[in-house]
Structures are given as structure tokens and as C-alpha cells.
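# Remarks on the overall topology
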Amino acid sequence: MTVRLDATAPPRTPQKQSWTTGQIVVVLVIGTAALMVSLTQSLLVPVLSEIAVDLHAGGDGIAWVLTSTLLVGAIAVPAFGRLGDLYGTRRMVLVTLAALVAGSLICALASNLTVMIIGRAVVGLAVAAVPLSISLIGVILPKEHAPAGIALISAMLGVGGALGLPLAGLIAQYADYHVLFWVCVAGGVLAMPGIVLLVREPARVAKGRMDLVGTALLGAAMLALLLPLAQGDSWGWTDPLTIGLLVAAAVLLVVFVLAELRIASPLVDVRTTARPALLITNLASLCVGFALFATLIGTASYVQAPKATGYGFGQSVLAGGLCMLPGGIAMLLLSPLSARLRPRTALIVGSLIIAAGFATRIVLTDSLWQVVLGATISGAGTGIAYAAMPGLIIHAAPRSELAAANGLNALFRSVGSSLASAIGGAILAAMTINLAGHALPSLSGYRTLFAICAVAAVAAALLALLIPRHASTTDAALPEE
């Protein structure tokens, strides 16, 4: 018997698999862990003055409560990324969550500034949990669901920052600031058993050993770069120590690159990182990280400024934090949109939306709802852009270097945020008005900051245009179809 084939019949397309309950639970568990870690980035900003009074600390001393986390995190992110590739991403996520619990517990029990700074330094190790979680989700989920899972975890970076301010404001108004640390302890304790019981450890394909030389060099370079960015306002930007550290950072980065080219099992594969798909994505990440942090420093303090400034609304710490809440919700709701777009397209769209949000902030200043609108637009764009970047990384990075590549991308975002803090702080300190004997940032200062952020976001979109459309490596974790 002869079977006749109809040449005109359309080819069968495989049906897309729906999400299983187990996959949804895994994403929620890992997303909760990422959210708890990202909360620590902004949670203390509204209560720093209260901590300073309680611990009898001056302005320079209390700044180290934030700076210690920043500096340790800058070293931990790339180091734990490589450790994840070598010894297991899930295992390293658990280690970083243990650091979150331990550091937060130290802070919750701290009765002096030194102990508080030590606790916050331990919390800095937990910063690596977010890029590790992104890498873990990208590998353990099926290919058709990985982009959506990655988008959700990536959005937690911005959501945590946006939710941290209103949560801290609420607690500052009605409870003791130590409650903030107990929230982080509880979140970490709840997340760890879920990961142990529900998340499998993916097969490891990386070979080699930990690059201690490269870790030390990159750590020293990041310390030399981020320390003056964090302390430049108090030291002075023309102080020999500030300039000397920045020069040392440049020298150490050159030495680091030269050393990595010679090491058989490097912390950062410089040749792979230099590929356009990864290098340009990281540079765009720096620009988006700049814009996100400027949203944080340019919204809560803006609406809390006295009405006599001509732009402020005299709102409470809680109200200032709540102004960030719609932006955080927008990040969470719109991050799945990034998964529906090609990562390159999503980064362009998200960056342009961020620029539109800051343009709105420059023009619309008369009402509180206008400030919230601009911050929400920027938040929506940040959610889309942040969710796009790991998608670009996972398509371009070799499977054996995925966690390290995501860690390096997170480091670029952190550097962008540090630059925003330094540049934004310098602008707002230089462009002031005198009000009852006190120097406060002027409206022109804020508008200048917002204009720089809009330019940074447009730069991210232009950089995204340069990312090759088909940039997958032969062994990429999630190859292009």
C-alpha cells in the first residue's frame, strides 16, 4: 500500500508546554530569596539618622553602614559567580543566604557602630545571591520558561530597592529600626529550606580551580574604585587620597586583565567578556544601574523637601517611600513583557522608557502625582531593561561561565549605582539654595541630575543597538533558535 503525502499540508509545530506547579513554586522561592537580598540595598537609607543617634555616630562613621556592604558586595559578586560555576550555583545561593541571615542577625543585636558595620559587611556577601539566582533559574527551567523566570528574578533588583524605602519609612514611623534587620533574618530563614527541598543542583560543566590571584586583584581594584566614589563628598574630590585611589583602581584593573590572560582557570575569562555581545551588554548595564539608583536618591528626598524650596512637598519619610511603590509594582508587572521580546529589543525599549520617565521629571514639577508618574515610568522601564540583560548574557556566555558572567554583569550595575551616588551627591551638594541658614538642593540641581540620567538611559539604548543580533556561543546556556 502506498501512502500519499500532501505536500501542501502545513508542518506540525510543537505545542508550548505550560508551567507546572513545581516550576512556579521554584521561581517563587528563588524570587523571594532575591527580593530579600535586594531589599538590603535601600532598606536603611530612611533610618540612617535614627541609627546615628542611637549608636552615637557621626556622619562619616554612619556612612560606613552603607559603604561596607557596597565594598564587600563588589568583591563577593564576581567571586561567588566563579565559585558557583565550579562548585554549584545552588550551593552558593545557600551560602549567600546564610550570610544574609548571619549579617542581619548581627545588625539586629548591634549596640555600637563597629558591630553594626561588621554585620553590614557580612550582608555584603549576600549581594551575590541575585546574579547566582538568575544563573540558577536559567539552567533549571525548561528553555521555553527560562526567559520569563529570568525576567522575574532580574526585576527583583529594582523591586527590592523600590519596596525597601516605603517599608523602612513605615517601620521608622511606627517601630524601632532593628525590626528591619529581623525582617531580613526571617526572609532568609524562610527562603533557605525552600531552596534545599525544592530546587535541584544543576550539573556542573566548569572545570579548573578558584583563581585566588585574580580575585585579590579585582577585589583591590573595586575597593580602590568604589571607596572614593562612596567617600568623595566627605574627603573632597580633589583630595590626594581620592585621586590616588582612582589612579590605583585604573592600574589594578590593567594588571588584573593582563594576569587573567595568563591564568589557565581565570576568575573572568577576559577573551569571552571582550566579545561584543557581553562587553556592550555590561556597558549598557552600567548606564541602567546609574539611572535606577538616581531614581532612588532623587524621589524620596525630593518630596520630603520643604515647600519653601519651591519644588518640595514637605512629606514624611513614609510618604516619600510610598512615592516609590508604584514604580516597584510597575517593575514587577512589566518584567514579563521583557520575556516576550527579544532581549536586545527589550533593553532598547526599557532604556527609552527610562529616559522618558526622567524627561517627565524635568518638565512636570507642580504636583506630587507628577513626581510619582515620572518615577513610575522610570521604574517600568527599569523593570524591562533589567529583565533583558540576563537574557543577553545567557545567550552569549558559555554554559561553564554562566554564573561568573552574570556576576560580572551585576558588578557593572553596582558600579553604575555607585557612580550615580557620587555624581548625584556632588551635583545636589553643589547646586543649592539657602533656606533658614541651611543649604538644600535646588530644583536646578535635581533637573541636572535627571537630565544626566536621561542621557545615560539613551546611551544604554544606543549601546543595545550595537549588540549583535545572533551572538550565541556554540555552548551557550540558552542558544538562539
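Further up the page is the structure itself.
Presented here is an overview of the structure given in this document. Keep in mind that what you see is a predicted model, and the values were worked out from it rather than measured.

### Side note on the packing of helix α1 (residues 21-39) against helix α8 (residues 178-198)
When two helices pack together, their arrangement is given by the angle between the helix axes and the distance between those axes. It is at 9 Å that the axes of α1 and α8 come closest, and there the two elements cross at 150°. On the basis of their axis angle, the class for α1 and α8 is roughly antiparallel. The two elements α1 and α8 meet at a crossing, and its hand is left-handed. Each of V25, V26, V29, A33 and M36 in α1 lies in contact with α8, whose residues at this interface are V183, C184, G187, A191, G194, I195 and L198. Class assignment of the residues belonging to the contact of α1 with α8 gives a composition of ten nonpolar, two polar and no charged.

### So, the nonpolar core
Formed by 105 residues in total, the largest nonpolar core has its most connected members in M116 and L347. Among the elements that make up this core, the one with the highest residue count is helix α19 (residues 443-465) (ten residues).

### Concerning the state of the cysteines
Taken as a whole and judged by the stated rule, the model has zero disulfides. Its sulfur unpaired, C107 is 8.8 Å from the next cysteine sulfur, which belongs to C184. Here C107 falls in the buried class, since its relative accessible area comes to 0%.

### Digging into the packing of aromatic side chains
For the coordinates displayed, the defined rule picks out seven aromatic pairs. Where Y302 meets Y311, the ring centres are 5.0 Å apart and the plane angle is 40°; that geometry is what we call tilted. Residue Y311 is classed as buried on the basis of its relative accessible area, which comes to 2%. On the numbers, 5.3 Å between centres and 65° between planes, the contact of Y311 with Y446 is edge-to-face. Pair noted here: Y311 is in the loop between α13 (300-304) and α14 (317-322) and Y446 is in helix α19, with a separation of 135 residues, a long-range link.

### Let's talk about helix α18 (residues 402-430)
Helix length check: α18, at 29 residues, gives a terminal C-alpha distance of 42 Å against a target of 42 Å (1.5 Å per residue), a fit within 8%. Judged by how many residues are buried, α18 sits mostly within the fold: 21 of 29 residues are covered.

What counts, and where the lines are drawn
- One numbering rule holds for all chains: residues counted from 1, following each sequence as written.
- Restriction of local features to residues with pLDDT of at least 70 applies here, the model being predicted, together with a cutoff of 80 or more for giving and counting side-chain atom pairs; totals for whole chains, interfaces and linings are based on all residues.
- Only heavy atoms go into the side-chain values, all of them from the structure, while hydrogens and water stay out.
- Only the contacting stretch of a helix is used when fitting its axis, a line to C-alpha atoms as for every element, and angles between N-to-C directions run 0 to 180 degrees.
- Strands here mean DSSP runs of E at least two residues long; helices mean DSSP runs of H or I at least four residues long; both are numbered from the N terminus.
- Working rule for angles: under 35 degrees goes down as roughly parallel, over 145 as roughly antiparallel, 65 to 115 as roughly perpendicular, anything else as oblique.
- Here a crossing is called left-handed whenever its near helix is offset anticlockwise from the far helix by less than a right angle, and right-handed whenever the offset is clockwise.
- Only heavy atoms enter the contact rule, under which two residues are in contact if any of them lie within 4.5 Å.
- Gly falls in the polar group here, along with every residue not listed as nonpolar (Ala, Val, Leu, Ile, Met, Phe, Trp, Tyr, Cys, Pro) or charged (Asp, Glu, Lys, Arg).
- Each nonpolar core is a collection of buried residues, namely Ala, Val, Leu, Ile, Met, Phe, Trp, Tyr and Cys, held together in the definition by side-chain atoms within 4.5 Å.
- Three exposure classes are used, based on accessible area relative to the maximum for each residue type with a 1.4 Å probe and protein chains only: buried under 20%, partly exposed in between, and exposed over 50%.
- In this description, the term disulfide denotes a pair of cysteine sulfurs within 2.5 Å.
- Each aromatic pair joins two rings of Phe, Tyr and Trp (for Trp, the six-membered one) with centres within 6.5 Å, and gets the label stacked for planes under 30 degrees apart, edge-to-face for over 60, and tilted for any other angle.
- Expected span, for any helix, means 1.5 Å times one less than how many residues it has.

Worth remembering: the numbers are spatial, not functional.
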